[in-house]
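Inside the fold
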Amino acid sequence: MSKSFSDSYKAAGVDVTAGYESVELMKKHVKRTNIPGCVSGIGGFGGLFQPQMAGMEEPILVSGTDGCGTKVKIAQLMDKHDTIGIDAVAMCVNDVICCGAKPLFFLDYIACGKNFPQKIADIVGGVAEGCVQAGCALIGGETAEHPGLMPVDDYDVAGFNVGIVDKKDIIDGSKMAEGDIIIGIASSGVHSNGFSLVRKVFDVTEENLKVYYDELGCTLGEALLTPTKIYVKSVLGAIEAADVKAVSHITGGGFYENVPRMMTEGFTAKITKSAVPVLPIFNLLQKVGNIPERDMFNTFNMGVGIVMAVSPETADKAIAAIEAAGEKAFVLGEVVKGEEGVILC
């Protein structure tokens, strides 16, 4: 008897039946993300979504795509795969909300050396949890086996998000003025940027990820794998409650690269460094790696995941809305005239 196609493909390194099992295992996770607008379930050739545009004069779609970088290596070494998907969602939706858009739907992409169904389901479970936190639907995705290209235990996770905003409500910094207040929203840790440096500083291995640090209150691995904060509810709440002029997601490049991206020409964000609530993981990173302070602020979020410029008259309302959404907010500085984009002093 000749071998079936699936047997031949399995011999080549791709297990079709494992793919079917993964899909079955992830269905319960995907179901959690169903929101009004979902037209189809997973399994089709395209994900269908009908946006609710009632009351919008000129709906604008906003898209974002990103991954988790080498943070996936931490998840692999710890053999803990149920939170890395949250990071994938966070990195996308936190970009999309910077212009005031509400995330609508998300698609994920998982590349792996070998499809282990339960591991893939755990990853997608994290993606679904991220979508629930962001209030968007997981309407599709792809899991691709790459035998011979990736080691069997390796994988990478990326995603794609689409949001919507009325054109008149776009946050673009155009209304920025001298004296606007710079507000920060607390991060949960390293988030998903700078992990190549993190791994070099700590010479990350399976064993040293298990080391407990008193200053962290947990093991190194637990601190590093803490999921990226999803700021959808807090940022959109602040925009609704206050006169928010600009928003920046503090990702790769830290303060020095990301804050200037939200600033209007001729204005600079003047930030007081002592107002930044530096988290213990960053103090530890700086000490162990002997990293100059400027490099820290040019690589990591340092404890601040979102920075926004708000009118002085409504700054208190913005902070109250952010805290009502369950996040910590604080005044970091103010908008001044200048061409630097950001000054940390």
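One structure accompanies this document, and this report is about it.

Conventions and cut-offs
Residues numbered from 1 in each chain as written. Predicted model: local features only at pLDDT ≥ 70, side-chain atom pairs only at ≥ 80, totals over all residues. Heavy atoms only, no water. Pairing = 2+ DSSP bridges. Helix = DSSP H or I, 4+ residues; strand = E, 2+ residues; numbered from the N terminus. Axes fitted to C-alpha atoms, helices over the stretch in contact; angles between N-to-C directions. Contact = heavy atoms within 4.5 Å. Salt bridge = Lys/Arg side-chain N within 4 Å of Asp/Glu carboxyl O. Phe/Tyr/Trp six-rings, centres within 6.5 Å; stacked < 30°, edge-to-face > 60°. Buried < 20%, exposed > 50% of the residue type's maximum accessible area, 1.4 Å probe, protein only. Lys NZ or Arg CZ within 6 Å of the ring centre and 35° of its normal. Expected span 1.5 Å × (residues − 1). Left-handed = near helix turned anticlockwise from the far one by under 90°. Nonpolar A, V, L, I, M, F, W, Y, C, P; charged D, E, K, R; others polar.

Remarks on the sheet that holds strand β8 (residues 244-249)
One open sheet holds the six strands; their spatial order is β8-β10-β5-β11-β9-β12, and the pairing between them is mixed. Of all strands in the sheet, those with a lone pairing partner are β8 and β12 (342-344), marking the two edges. For this sheet, the mean inter-axis angle between neighbouring strands, taken without regard to orientation, is 25 degrees. Note that strand β5 (residues 181-186) and strand β10 (residues 304-310) share six bridges and pair antiparallel. Bridging from a neighbouring strand, I182 pairs with A309 of β10.

Section: the side chain of T83
Assignment of secondary structure puts T83 in the loop between α3 (71-78) and α4 (84-96). Residues within four places of T83 in sequence aside, it is in contact with L225 and P227.

Re the pattern of salt bridges
What the rule picks out here adds up to eleven salt bridges. E327 is the salt-bridge partner of K229, the closest N and O atoms lying 3.0 Å from each other. Here K229, found in the loop between α7 (220-224) and α8 (232-241), pairs with E327, found in the loop between α12 (315-324) and β11 (329-337); they are 98 residues apart in sequence, far enough to count as distant. The residue E293 makes a salt bridge to K273 at a minimum N-O spacing of 2.7 Å. In this pair, E293 sits in helix α11 (residues 293-297) while K273 sits in the loop between β9 (267-271) and α10 (280-289), placing the two residues 20 residues apart along the sequence. Within the structure, one salt-bridge network assembled from shared partners comprises D166, K168 and D169.

With respect to the packing of aromatic side chains
Counting across every chain of the model gives three aromatic pairs. Between F255 and F297, the aromatic rings sit 5.3 Å apart at their centres with planes inclined by 65 degrees, giving edge-to-face as the arrangement. Placement of F255 in helix α9 (residues 254-258) and of F297 in helix α11 is noted, with a sequence separation of 42 residues between them. F297 gets classed as buried once you look at its relative accessible area, which sits at 3%. Where F282 meets F300, the ring centres are 5.8 Å apart and the plane angle is 45 degrees; that geometry is what we call tilted. Separated by 18 residues along the polypeptide, F282 in helix α10 and F300 in the loop between α11 and β10 bring together distant segments of the chain. F300 shares its class with F282; the two are buried. Against the face of F116 rests K114, its NZ or CZ located 5.8 Å from the ring centre. In this arrangement the basic side chain of R294 is found over the ring face of Y256, its NZ or CZ atom lying 3.8 Å from the centre.

What to know about α4
Helix length check: α4 (13 residues) gives 19 Å between terminal C-alpha atoms against 18 Å at 1.5 Å per residue, within 8%. In terms of residue burial, α4 counts as a mostly covered element, since twelve of its 13 residues are buried. Buried within α4 we find I84, G85, I86, D87, A88, V89, A90, M91, C92, V93, N94 and V96.

Topic: the pairing of strand β4 (residues 155-166)
Counting buried residues along β4, nine of its twelve residues qualify, which places the element largely inside the surrounding structure. The pairing of strand β1 (residues 59-67) with β4 spans nine bridges and is antiparallel. Looking at the pairing, G64 lines up with N161 of β4. Inspection of the sheet shows strand β2 (residues 102-112) paired to β4 by ten bridges, in the antiparallel sense. Its bridge partner being in β4, D108 is matched across the sheet by G159.

So, unusual backbone geometry
Backbone geometry places H191, a non-glycine residue, at a positive phi of 60 degrees. If you trace the backbone, H191 turns up in the loop between β5 and α6 (195-201). With a phi angle near 45 degrees, D203 is a residue other than glycine that sits in the positive phi range. With respect to the helices, strands and loops of the structure, D203 is situated in the loop between α6 and β6 (212-213). A residue is classified by how much of its surface remains accessible, and D203, at 55% relative accessible area, is exposed.

Remarks on the packing of α8 against α12
Angle between the axes and distance between the axes are the two parameters that describe a pair of packed helices. At a minimum axis distance of 8 Å, the contact between α8 and α12 shows a crossing angle of 145 degrees. Between α8 and α12 the crossing geometry is right-handed. Contact residues: α8 offers S234, G237, A238 and A241, while α12 offers K317, A318, A321 and I322. Here the residues of the contact of α8 with α12 sort into five nonpolar, two polar and one charged.

Concerning the sheet that holds β4
One open sheet holds the four strands; their spatial order is β1-β4-β2-β3, and the pairing between them is mixed. Looking at strand neighbours, the two that pair on one side only are β1 and β3 (137-145), the edges of this open sheet. Looking at each pair of strands side by side, their axes are set apart by 15 degrees on average, direction ignored. Pairing analysis gives eight bridges linking β2 to β3, with the strands arranged parallel.

Function cannot be inferred from these measures alone, as they are strictly geometric.
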